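Structural overview
Here is what each chain is made of, one letter per residue.
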Amino acid sequence: MNEKTKFILNETDIPKYWYNALADSPVAPSPVLNPITLEPVTPDFLSAIFPMPLIQQEVSTERYIEIPEEVREIYKLYRPTPLIRARRLEKALGTPAHIYYKYEGASPSGSHKMNTAIPQAYYNKISGTKALTTETGAGQWGSALSMACQFFDMDLEVYMVKVSYNQKPYRRFLMETYGAQVFASPSDRTDAGRAILAEHPDSPGTLGIAISEAVEVAVKSAGQKKYSLGSVLNHVLIHQSVIGEESLKQMDMAGEYPDVVIGCVGGGSNFGGIAFPFLRENLVNGRKTRLLAVEPTATPSLTKGVYAFDYGDSAKMAPIVKMHTLGHDFMPAPIHAGGLRYHGMAPTLCTFYDAGLIEAIAVRQLGVFEAAVLFSRTEGILPAPESSHAIRGAIDEALDAKEKGEKRVILFNLSGHGHFDLTAYNAYFENNLEDYDYPQELINTIPEHLPQVKLDTPV
Ligand SMILES: *Cc1c(COP(=O)(O)O)cnc(C)c1O
C-alpha cells in the first residue's frame, strides 16, 4: 500500500518488447479466409492490403516481439502514460475498493490508438508503401494515424463514417491539420461507396462500409497504397500490449495487484492491450485476476453475437475471420458509443473469451453517461464515451465490493478523453439519449447473414 495518487514511470521503462498473447493461447488460432474463395488466405492476397512485417506479426506465435527503436522514440512523446488512483471517485462511492486507472488519453491524439498507429506507419514506411488508406468512425483512429503518417512522411486517405463526419467536424479538422485527406463514407470515390449510394442515397454509413472503401482503394493502387486498421487484428493487439506491460510495473509501484482488470470493447484493442499481460500472469504465474470486457447493449457482439466466421467489412472484400459477430451487414442504432459500433470482435480476444479466460458484460447508454459525469466531477478528466463503458464497469465492481464489504483492487483502462464528444454529453444533459438493447429478433437472424464456410479441417 502506498499513499501516492499518481504512478509515473521513466522513459527507460517504456517496454522494449510487445507481448503476443497468441503464444499463450489454449487453442490454435483459426485461419484467416479469403472472402471470395472462403479458403485460407494466401500471402499474396494479404500483401495487396498490408506490408509484410505486419502480416508476419499477424500470424506470429512468438511470445515477445522487439519494438523498433524508431517506434520507441515516438512513444517517448507520451509514454509511459500515467497510472492514477481514483481516490476522489472511491470516496464519492463510499467503497472500500481501490480503483486505479491507466490514462491512455494522455497521447497527443487523445487515445490509445497511437500505440499502433506509430508502428503501422513505421512498418509501411520501411516496406516502401507510398500512402495509407483507412476508415474512421468516431475519429480517434483517423486522428492517430494522421499524425503517425505525418511523422513518417506518408500520405493518408481517411474514409470517415458519414454520420460522424457531419456530427464531429472538429475531428475532421484535426486530421486535416495533421495532413490527411478525409472523405465522408459512403463516398463516390469507390465501387463499394457508389453501390451503397445508388441504393441508399441518404446512407449514414457504417464502419463496415468505410472499411470496404479504404480496402478497395488500397487493392486497386497497384501496390502504391496499403490499408491500415486500428483494431480487431492481432498485430494491433500486440502493439497495444504496452498498456498492460506498463500497468504491471505501476501496480507494483503502488504495492498492489489488481483483482479485476476492466476495459471497454469495440474491436477489442485497448482491452487486449491492458488485459493480455495480466492474462499471461494468470496463465504462466498462477495469478487469478478477473479480466472484464465491457460493451454497449446496442452492439453486444461478445455477449449476444454468434461465434463464427464472418467478413470484416460490409462489401465482403476484407478477410474473413472467426469472431463473435452481429453480422457484417449490421446497422448500428444511432447511439453515442462512438467507436464501439463495429459488428465483430478481435479473434484473439474471442479465443480467450470462448475458453472462459475472459468475462464480458453489456451496459446501457444512460448508465454509461452517468458514470462519465461522476468521473469528470470527481477525477477531473472528461472521458470519451467509449472509455466510459469501462468506468461504468469499474464503478459497478466498486459498488459490489462495498455491498460485500470487500477490499477489491480494480484497474481499468481510460482509453481516451472526450474533448471532441461534448455534443454527446450535451445530448445526455438535455435528456435526448435513450437506452437501447439490440433486439433479440435481429440476433436470431445473424446466422442467415454469415458466409457458408466449409473447411477441410473443422475449427
Ligand atoms: C477506438 C476506441 C475504442 C474502441 O476500440 P478498441 O479497439 O475496442 O479499443 C475505445 N476507446 C477509445 C477512446 C477509442 O478511440
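These figures come from a predicted structure and were not determined experimentally.

Quick look at the site of the ligand
Around the ligand lies a shell of 18 residues, among which Lys113, Ser231, Gly266, Ser269 and Ser415 are the nearest. Between Gly268 and the ligand, the recorded distance is 2.8 Å, taken from a backbone N or O atom to an oxygen atom. Here a nitrogen atom of the ligand sits 2.7 Å away from a polar atom, N or O, in the side chain of Ser415. Counted by class, the shell around the ligand contains three nonpolar, 13 polar and two charged residues.

Focus on the domain arrangement of the protein
Looking at the assigned domains, one finds that the protein contains domain 1 (6-14 + 67-110 + 235-449) and domain 2 (113-234). If you average the C-alpha positions of domain 1 and of domain 2, the two centres end up 23 Å apart. On the side of domain 2, 39 residues touch domain 1, which itself brings 46 residues to the contact. Carbon and sulfur atoms supply 63% of the area that domain 1 and domain 2 bury against each other, a total of about 3400 Å² over both sides. At the junction of domain 1 and domain 2, the tally comes to one salt bridge. For the salt bridge of Asp421 with Lys168, the shortest nitrogen-to-oxygen distance reads 2.8 Å. At the boundary of domain 1 with domain 2, the tally comes to 19 residue pairs in polar contact (both at pLDDT 80 or more).

Here we look at helix 5 (residues 114-126)
A rise of 1.5 Å per residue sets the reference length of helix 5, with its 13 residues, at 18 Å; its end C-alpha atoms lie 18 Å apart and thus fit the reference within 8%. Counting buried positions over the 13 residues of helix 5 gives 11, a clear majority of the element. Those residues of helix 5 not exposed but buried are Met114, Asn115, Thr116, Ala117, Ile118, Pro119, Gln120, Ala121, Tyr122, Tyr123 and Asn124. Of the residues trailing helix 5, Gly128 is marked for its positive phi of about 90°.

Brief notes about the layout of surface pockets
It is a probe the size of a water molecule, rolled over the atoms, that shows where empty space is left. For the second largest pocket, the calculated volume is near 270 Å³. Every element with two or more residues in the lining of the second largest pocket is listed here: helix 2 (52-59), strand 13 (320-325) and helix 14 (347-354). Residue contributions to the lining of the second largest pocket peak at three residues, all from helix 14. Looking at side-chain class alone, the lining of the second largest pocket contains nine nonpolar, five polar and two charged residues. Counting contributing residues per domain, the lining of the second largest pocket is built from domain 1 (6-14 + 67-110 + 235-449) and domain 2 (113-234), each supplying no fewer than three.

A closer look at the confidence of the model for the protein
The predicted coordinates should not be examined in detail at positions where pLDDT is low. With 97% of its residues at a pLDDT of 70 or more, the protein has an overall mean of 95. Within the protein, helix 1 (residues 43-47) has the poorest average pLDDT of any element, 88, and strand 10 (residues 260-264) the best, 99.

Structural notes on the sheet that holds strand 9 (residues 225-227)
Taking strand neighbours across the sheet as the criterion, the four strands line up as 8-7-6-9 in an open arrangement whose pairing is parallel. Two strands in the sheet have a free side with no partner beyond their single neighbour: strand 8 (181-185) and strand 9. The sheet shows a mean angle of 25° between the axes of neighbouring strands, taken without regard to direction. One ladder, built from five bridges, connects strand 7 (residues 155-161) with strand 8; its direction is parallel. The residue of strand 8 that forms the bridge with Glu157 is Gln181. Of the strands in this sheet, strand 6 (131-136) and strand 7 touch helix 6 (residues 140-151), which is tilted by about 165° from strand 6. The strands that helix 10 (residues 207-219) touches are strand 6, strand 7, strand 8 and strand 9; relative to strand 6, the one it contacts most, it runs at about 170°.

Parameters at a glance
Counting restarts for each chain, with residues numbered from 1 along the sequence as it is written. Local features in a predicted model are, by the rule used here, given only for residues with pLDDT of at least 70; side-chain atom pairs are given and counted only at 80 or more, and totals for whole chains, interfaces and linings are based on all residues. Heavy atoms throughout the structure, all of them, feed into the side-chain values; hydrogens and water do not. By convention in this text, a residue qualifies as near a molecule or strand provided that one of its non-hydrogen atoms is within 4 Å of it. Polar contacts here mean pairs of N or O atoms no more than 3.5 Å apart (in protein, one a potential hydrogen donor and the other a potential acceptor; neighbouring residues in sequence count only if both atoms are side-chain atoms). For this classification, Asp, Glu, Lys and Arg are treated as charged, while Ala, Val, Leu, Ile, Met, Phe, Trp, Tyr, Cys and Pro are nonpolar and the rest, including Gly, are polar. In this document the domain limits rely on a domain assignment from an automatic tool or a database. The contact criterion used throughout is that any non-hydrogen atoms of two residues lie within 4.5 Å. Put simply, buried area is how much 1.4 Å-probe accessible surface two parts lose in total, over both of them, once they are put together. Each reported salt bridge corresponds to a side-chain nitrogen of Lys or Arg within 4 Å of a carboxyl oxygen of Asp or Glu. Strands are runs of DSSP state E lasting at least 2 residues, helices are runs of H or I lasting at least 4, and numbering of each runs from the N terminus. Working rule for helices: expected span equals 1.5 Å times residues minus one. When accessible area is computed with a 1.4 Å probe and restricted to protein chains, residues below 20% of their type maximum are described as buried, those above 50% as exposed, and intermediate ones as partly exposed. Method remark: on a 1 Å grid restricted to protein atoms, a set of points is classed as a cavity if a 1.4 Å probe fits but cannot get out and as a pocket if it is open with protein on both sides within 12 Å along at least five of seven lines; lining residues have an atom within 4 Å of a point. Grid points are joined across faces, edges and corners, and a volume is the space filled by probe spheres set on the points. One number per residue, pLDDT, summarises how confident the predictor is, and it ranges from 0 to 100. Two strands are counted as paired when DSSP detects at least two bridges linking them. Here an axis means a line fitted to C-alpha atoms, over the contact stretch when the element is a helix, while the angle between two N-to-C directions is reported on a 0 to 180 degree scale.

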